[in-house]
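For reference, the chains in residue letters:
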Amino acid sequence: MNTQALIDTAKAMVAGDKGLLAMDESNPTCNKRFAKLGIPQTVEARRACRELIVTTPRLGECISGAILYDETIRQNKKDGTPFIKVIIDAGIIPGIKVDIGAKEMAGHPGEKVTEGLDGLRDRLKEYVQMGARFAKWRAVIAVDDDIPSRGCIEANAQALARYAALCQETALVPMVEPEVLMDGGHTLERCCEVTEEVLRTVFNHLYTQRVMLEGMILKPNMVLPGLTCPKQEAADKVADATVKCLLRAVPAAVPVIAFLSGGQPAELASARLNSMNVRFKARMPWALAFSFSRAIQQPALEIWQGKEANVLAAQQALYHRAMCNAAARRGTYDAAVERLGGESAPCDGSSVKGSVDK
Ligand code: 13P
């Protein structure tokens, strides 16, 4: 195992104020999002959507890594250029989702366990040959009065640790993603309690499986009240709860925490990440960054609607969200940054002063 190379890649993945773009939706997930917007659920529509994303002008100013899906890493632009080449040429590090999905867990109604360990070593080697430098595995933990169960947390944490060890053996930085879901009416406090238990269990298993913490990235949920909880908290409250929970459970050797967005509205995800960095950045042992899918892609998807004529406007919206989240990493995201147009705004937000409202 080339320890230094893993550490260097992990650091490069969140260099400066950049973050990660998750574009690794499985075909069923991608189709579901297309269906809601009336976009055809075809290979060609998925390819066109990915071409729109990877060819977004100046994306590399705010995005340091992109997570691809098995279909996408093999796809090309219309002119035949492989997506992976387009990404690398833009200065973005390519990664790949390697789990094969969360499946119903036997004996555990309402809970899921993520599969994909069988044959993983060989799949990882193929992805490395294709140019991937990091890999992602997502576990999902549902919250209700009597779940998550210990069995579900343990099974998912062990799978995450075994996947992470295989990644490091193959020279891929593992992006470890245990997601406590937002669905449900649970409170912020309950999310905090579950997230802490999940993270403690994950790090126990990572230790047992000899995963080198300096050469990995943690991709957790923010600590949030459930979507239907009547008490929705302000960004500062979310920032406090999230950082408190992470400090209890995440070792300081981990270089980066890159949050998933989990279905939060895009602007709220930026505001909450911003609040964490404003209040705590100087005191944190790890960088607090983003690895969003919906909170970067969704506004662009809604503008695109599968139509060639909308590509440029959709790319501006995509760049805009990436730029807002880079500002949130610096702790300089605010309403003025949000109002900047995607086309004209530099990624460091430096034109905010005196900028024209759009
Ligand atoms: P969201 O940001 O939409 O939650 O997606 C992140 C991700 O990678 C899901 O696996």
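As the structure is a computational prediction, the values presented were derived from the model and not from experiment.

Rules and cut-offs
Along each chain, the written sequence defines residue order, and numbers are assigned to residues from 1. Totals for whole chains, interfaces and linings use all residues, but because this is a predicted model, local features are given only for residues with pLDDT of at least 70 and pairs of side-chain atoms are given and counted only at 80 or more. Remark: hydrogens and water are excluded; side-chain values derive from all non-hydrogen atoms of the structure. Throughout, the term near means that a residue has one or more heavy atoms lying within 4 Å of the molecule or strand in question. The definition of a polar contact used here is a pair of N or O atoms within 3.5 Å, where within protein one atom must be able to donate a hydrogen and the other to accept one, and adjacent residues in sequence count solely through side-chain atom pairs. Each accessible area value is a Shrake-Rupley result obtained with a 1.4 Å probe; residue values ignore everything except the protein chains displayed when judging cover. Accessibility here uses a 1.4 Å probe with only protein chains present; expressed as a share of the type maximum, an area under 20% marks a residue as buried, one over 50% as exposed, and anything in between as partly exposed. In this description a helix means any DSSP run of H or I spanning at least four residues, a strand means any run of E spanning at least two, and both kinds are numbered starting from the N terminus. Axis angles are defined between N-to-C directions and span 0 to 180 degrees, where every axis is a line fitted to C-alpha atoms and, for a helix, only to the segment in contact. If an angle is under 35 degrees, it is roughly parallel; if it is over 145, roughly antiparallel; if it lies from 65 to 115, roughly perpendicular; otherwise it is oblique. Should the near helix be turned anticlockwise from the far one by less than a right angle, the crossing is termed left-handed; should it be turned clockwise, right-handed. A contact between two residues is defined here by any heavy atoms of the two lying within 4.5 Å. Only Asp, Glu, Lys and Arg are considered charged, only Ala, Val, Leu, Ile, Met, Phe, Trp, Tyr, Cys and Pro nonpolar, and every remaining residue, Gly among them, polar. Residues belong to one nonpolar core when they are buried, are Ala, Val, Leu, Ile, Met, Phe, Trp, Tyr or Cys, and are joined through side-chain atoms within 4.5 Å. Within 6.5 Å between ring centres, the rings of Phe, Tyr and Trp (the latter by its six-membered ring) count as paired, and their orientation is classed by plane angle as stacked under 30 degrees, edge-to-face over 60, tilted in between. Think of it this way: DSSP has to see at least two bridges between two strands before they count as a pair. Orient the strands so they point away from the viewer, and a crossover whose first-strand-to-second-strand path over the helix runs clockwise is right-handed. Any carboxyl oxygen of Asp or Glu within 4 Å of a side-chain nitrogen of Lys or Arg constitutes a salt bridge here.

Overview of the site of the ligand
So, step 1. The ligand sits among 13 residues. The nearest are K136, K219, S261, G262 and R294.
So, step 2. At 2.5 Å from an oxygen atom of the ligand is found a side-chain nitrogen or oxygen belonging to K136.
So, step 3. Between the ligand and K219 there is a distance of 2.6 Å, counted from an oxygen atom to a side-chain nitrogen or oxygen.
So, step 4. Its free accessible area being 300 Å², the ligand has 93% of it covered by the protein chains.

Some details on helix α11 (residues 294-304)
Along an α-helix, residues three or four apart share an orientation, since each turn contains 3.6 residues.
So, step 1. Buried residues of α11: A295, I296, Q297, A300, L301 and W304, and no others.
So, step 2. Following α11 by one or two positions, Q305 adopts a phi angle in the positive range, close to 50°.

A word on the packing of α11 against helix α12 (residues 311-330)
So, step 1. Following both chains from N to C, one finds α11 and α12 inclined at 165°, their axes separated by 8 Å at the closest point. With respect to their mutual orientation, α11 and α12 come out roughly antiparallel. Classified by chirality, the crossing of α12 by α11 is right-handed. Across the interface between the two elements, A295, I296, Q297, P299, A300, I303 and W304 from α11 touch V311, A313, A314, A317, L318, R321, A322 and N325 from α12.
So, step 2. Here the contact of α11 with α12 is built from residues that sort into twelve nonpolar, two polar and one charged.

Observations regarding the side chain of T242
So, step 1. Note on placement: T242 falls in helix α9 (residues 235-249).
So, step 2. From its side chain, T242 meets the backbone oxygen of V238 in a polar contact 2.7 Å long.
So, step 3. Residues in contact with T242, not counting those within four places in the same chain, are M222, V223, F259 and M276.

Some words on the nonpolar core
So, step 1. Counting residues in hydrophobic clusters, the biggest one holds 121 residues, and the most contacted among them are Y163, L206 and L288.
So, step 2. For this core, the element with the most residues is α12, which contributes eleven residues.
So, step 3. L206 has contacts with L160, A161, A164, V176, V211, L213 and M216, leaving out every residue within four places of it along the chain.

Topic: the packing of aromatic side chains
So, step 1. Here the structure, examined in full by the defined rule, presents three aromatic pairs.
So, step 2. Considering the side-chain rings of F34 and W304, the 6.0 Å spacing of their centres and the 65° angle between planes classify their relative orientation as edge-to-face. Of this pair, F34 sits in helix α2 (residues 27-36) while W304 sits in helix α11; the two residues are 270 residues apart in sequence, bridging distant segments of the chain. The burial state of F34 is the same as that of W304; both residues are buried.

A short note on the pairing of strand β9 (residues 256-259)
So, step 1. Residues V256 and A258 line one face of β9 and the alternating positions I257 and F259 line the opposite face, and both faces are buried.
So, step 2. Summarising the sheet, strand β8 (residues 217-218) and β9 pair through two bridges and their orientation is parallel. Bridge pairing in β9 links L218 to I257.
So, step 3. Two elements, β9 and strand β10 (residues 287-292), share four bridges in a ladder whose sense is parallel. Across the sheet, A258 pairs through a bridge with A289, a residue of β10.
So, step 4. With helix α10 (residues 266-280) bridging β9 and the parallel β10, this β-α-β connection has right-handed handedness.

Some remarks on unusual backbone geometry
So, step 1. With an omega of 10°, the peptide bond running from I147 to P148 counts as cis.
So, step 2. Tracing the backbone through its elements, the reader meets P148 in the loop between β6 (134-141) and α7 (150-169).
So, step 3. Despite not being glycine, A171 shows a phi value in the positive range, around 70°.
So, step 4. Structurally, A171 is set in the loop between α7 and β7 (173-180).
So, step 5. Its identity as a non-glycine residue notwithstanding, R210 has a phi of 60°, on the positive side.
So, step 6. You can see R210 is positioned in the loop between α8 (188-208) and β8.

Describing the pattern of salt bridges
So, step 1. Applying the stated criterion across every chain, the model contains 27 salt bridges.
So, step 2. Linking R47 and E51 is a salt bridge whose minimum nitrogen-to-oxygen distance equals 2.7 Å. One end of the pair is R47 and the other is E51, both in helix α3 (residues 43-54) and four residues apart, which spans about a single turn.
So, step 3. One salt bridge in this structure joins E197 and R150, with 2.6 Å as the shortest N-O distance. Taken as a pair, E197 in helix α8 and R150 in helix α7 lie far apart in primary sequence, 47 residues in all.
So, step 4. Accessibility expressed as a relative area gives 40% for R150, which makes it partly exposed.
So, step 5. Connected through salt bridges with shared partners, the residues D24, K136 and E177 form a single ionic network.

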